[in-house]
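These are the residues of each chain, in order.
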Amino acid sequence: MIGPAAFDHEPVELVDQMTAAISRVLRAPYRILGPEVEAFENQWAITCGVRHAVGVANGMDAIEIALRALKIGPGDEVITTPMTAFATVLAILRSGATPVLADIDPATAIMSLDSVHRCLTPRTRAVVLVHLYGYLTEMEPWLQLTSSHGVHLIEDCAQAHLAERNGHVAGSFGVAGAFSFYPTKNLGAIGDAGALVTNDAHMSEAARHLRNYGQTERYRHDVLGLNSRLDEMQAAILTERLGWLRSFTSRRQAIAQRYRSEINNTRVTMLQPGVDGANVCHLFVLLTSHRDALQAFLARNDVATVIHYPIPVHHQEPAHDVRRDPSGLSHAEHHGRSCLSLPCHPQLSDPQVEQVISLVNEFTP
Ligand SMILES: *Cc1c(COP(=O)(O)O)cnc(C)c1O
């Protein structure tokens, strides 16, 4: 079976490194928020080209913590996309703020600037831009839009580790970048983990308090915090896996490049972003009006695929009544009906990639 991940096929050297890391933690006097977390935070900040990285429990919390550090909450509006992991919107809801959904650009599936313009109100405090599928879009217009309207830009980088443009890495553009290290992400732990990155010392300081019950010094709680700490074992694992991230990313890009150049079935189309440094190919997404038939055909031939995402946020029960672009969200809805993610992870072998390509090319509805 070819599927969306293959943790049981990782390089033996990496497995040995992770085993040694776990053993190192077992023999150390710390379990949570200790020297392994600090070492990983330092490495991650350097990797992202920012001053501060704050380890947290997961990617969703990183978004909520960024919003709360900015004192965004009830009565405030935060614009984001309906084509994302539900966690993006759940984090906004949990901060107490009101999510407002902007439509996507159908060519990239990234949130549309024009639609965001239509969503802005005097109550807008922030825009959460999701670098969907690993693609870092042109950031200049987003920086212009947010600064000219006096709103904060938060980047949801859960799918975009290392994506870069002109030497600037995802997470370094906005006031904060939120990363998930869920196991299937480009950099993944062996459980839940996340980080917030920022160049802003106040953001970093506030995030450090918020992740730990709002504690500013031992047993003193000045703000309403969360329990969102990173533990030593996940941090030690992340440090080892970080050493592999560039080669794993190159492998994803090479697979995506083959899909782009060798899939020639006229019933499917590709999203526009090509494969370059701005696209770390977290997911490889095809569009087709025969999506369900293609997915079933691949499954019959032992290729498991996933849909990112079949139900846009505004069709989810807890988000039925969220505000949205007054012109509607038709591009996101259409995308949700036609997108299909082909297997694209570093452990796929060349013959497996070739098998996926020939199956997609053979497909007839
Ligand atoms: C995975 C993901 C999240 C949430 O991260 P968790 O670590 O699972 O909380 C948020 N946004 C996007 C775009 C994601 O892919």
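The structure reproduced in this document is the subject of the present report. Model, not experiment: these values are computed from the prediction.

1. Considering the pattern of salt bridges
Part 1: What the rule picks out here adds up to 17 salt bridges.
Part 2: Among the ionic pairs, Glu-64 bridges to Arg-94, the shortest N-O distance being 3.5 Å. In this pair, Glu-64 sits in helix 3 (residues 59–69) while Arg-94 sits in helix 4 (residues 86–95), placing the two residues 30 residues apart along the sequence.
Part 3: Between Arg-118 and Asp-325 there is a salt bridge; the shortest N-O distance is 2.9 Å. Remark: Asp-325 occurs in the loop between strand 14 (323–324) and helix 10 (330–338) and Arg-118 occurs in helix 5 (residues 113–119); sequence separation between them is 207 residues.
Part 4: One connected set of salt bridges, linked through shared partners, spans Arg-24, Glu-36 and Glu-240.

2. Concerning the packing of helix 3 against helix 7 (residues 201–210)
Part 1: Running from N to C, helix 3 and helix 7 point in directions that differ by 120 degrees, and their axes come no closer than 9 Å. Taken as axis vectors, helix 3 and helix 7 run oblique relative to one another. With respect to the hand of their crossing, helix 3 and helix 7 are arranged in right-handed fashion. Here Ile-65, Ala-66, Arg-68 and Ala-69 of helix 3 come into contact with helix 7, specifically with Met-203, Ala-206, Ala-207 and Leu-210.
Part 2: Within the contact of helix 3 with helix 7, the residues separate by chemical class into 7 nonpolar, no polar and 1 charged.

3. Description of helix 4
Part 1: Within helix 4 the residues assigned to the buried category are Thr-88, Val-89, Ala-91, Ile-92 and Ser-95. For helix 4, the angular spread of the buried residues around the axis is 150 degrees, confining them to a single face.
Part 2: Its buried side turned inward, helix 4 meets helix 3, strand 2 (77–80), strand 3 (98–101), strand 4 (124–130) and strand 5 (152–156).

4. So, the packing of helix 1 (residues 12–26) against helix 8 (residues 232–262)
Part 1: In the contact formed by helix 1 and helix 8, the axes pass within 8 Å of each other and the chain directions differ by 155 degrees. Relative to helix 8, the element helix 1 lies roughly antiparallel. Considering how the two elements wind past one another, helix 1 and helix 8 form a crossing that is right-handed. Contacts between helix 1 and helix 8 involve Glu-13, Leu-14, Gln-17, Met-18, Ala-21, Ile-22, Arg-24 and Val-25 on the former and, on the latter, Glu-232, Met-233, Ala-236, Ile-237, Glu-240, Arg-241, Trp-244 and Phe-248.
Part 2: Class assignment of the residues belonging to the contact of helix 1 with helix 8 gives a composition of 10 nonpolar, 1 polar and 5 charged.

5. Quick word on the sheet that holds strand 13 (residues 284–287)
Part 1: The sheet built from 3 strands is open, its strands ordered 12-13-15 with antiparallel pairing. In this open sheet, the two edge strands, each paired with only one partner strand, are strand 12 (269–270) and strand 15 (339–342).
Part 2: Here strand 12 pairs with strand 13 via 2 bridges, running antiparallel. Bridging across to strand 13, Thr-269 finds its partner in Leu-287.
Part 3: Along the sheet, helix 9 (residues 291–300) makes contact with strand 13 and strand 15, crossing strand 15 at roughly 25 degrees.

6. So, unusual backbone geometry
Part 1: A cis amide bond, omega 10 degrees, links His-308 with the succeeding residue Tyr-309.
Part 2: Take Tyr-309: it is sitting in the loop between helix 9 and strand 14.
Part 3: A positive phi angle, near 50 degrees, is found at Leu-33, a position not held by glycine.
Part 4: Its place among the elements puts Leu-33 in the loop between helix 1 and helix 2 (35–48).
Part 5: Positive phi outside glycine occurs at Leu-162, with the angle close to 80 degrees.
Part 6: If you trace the backbone, Leu-162 turns up in the loop between strand 5 and strand 6 (164–165).

7. A look at the packing of aromatic side chains
Part 1: Tallied over the entire structure, the rule returns 8 aromatic pairs.
Part 2: Between Phe-40 and Phe-181, the ring centres sit 5.4 Å apart and the planes meet at 85 degrees, which makes this aromatic pair edge-to-face. In this pair, Phe-40 is assigned in helix 2 and Phe-181 in the loop between strand 8 (176–180) and strand 9 (194–198), connecting sequence segments 141 residues apart.
Part 3: Phe-40 sits in the buried class, given a relative accessible area of 1%.
Part 4: Ring geometry for Phe-297 against Phe-363: centres 5.7 Å apart, planes inclined by 50 degrees, an arrangement best described as tilted. Linking Phe-297 in helix 9 with Phe-363 in the segment after helix 11 (350–362), this pair joins segments that are 66 residues apart in sequence. In this structure, Phe-297 and Phe-363 share a single accessibility class: buried.
Part 5: Linked through ring pairs, Phe-40, Trp-44, Phe-179 and Phe-181 together constitute an aromatic cluster.

Rules and cut-offs
Residues numbered from 1 in each chain as written. Predicted model: local features only at pLDDT ≥ 70, side-chain atom pairs only at ≥ 80, totals over all residues. Heavy atoms only, no water. Salt bridge = Lys/Arg side-chain N within 4 Å of Asp/Glu carboxyl O. Helix = DSSP H or I, 4+ residues; strand = E, 2+ residues; numbered from the N terminus. Axes fitted to C-alpha atoms, helices over the stretch in contact; angles between N-to-C directions. Parallel < 35°, antiparallel > 145°, perpendicular 65-115°, else oblique. Left-handed = near helix turned anticlockwise from the far one by under 90°. Contact = heavy atoms within 4.5 Å. Nonpolar A, V, L, I, M, F, W, Y, C, P; charged D, E, K, R; others polar. Buried < 20%, exposed > 50% of the residue type's maximum accessible area, 1.4 Å probe, protein only. Arc of directions from axis to C-beta. Pairing = 2+ DSSP bridges. Phe/Tyr/Trp six-rings, centres within 6.5 Å; stacked < 30°, edge-to-face > 60°.

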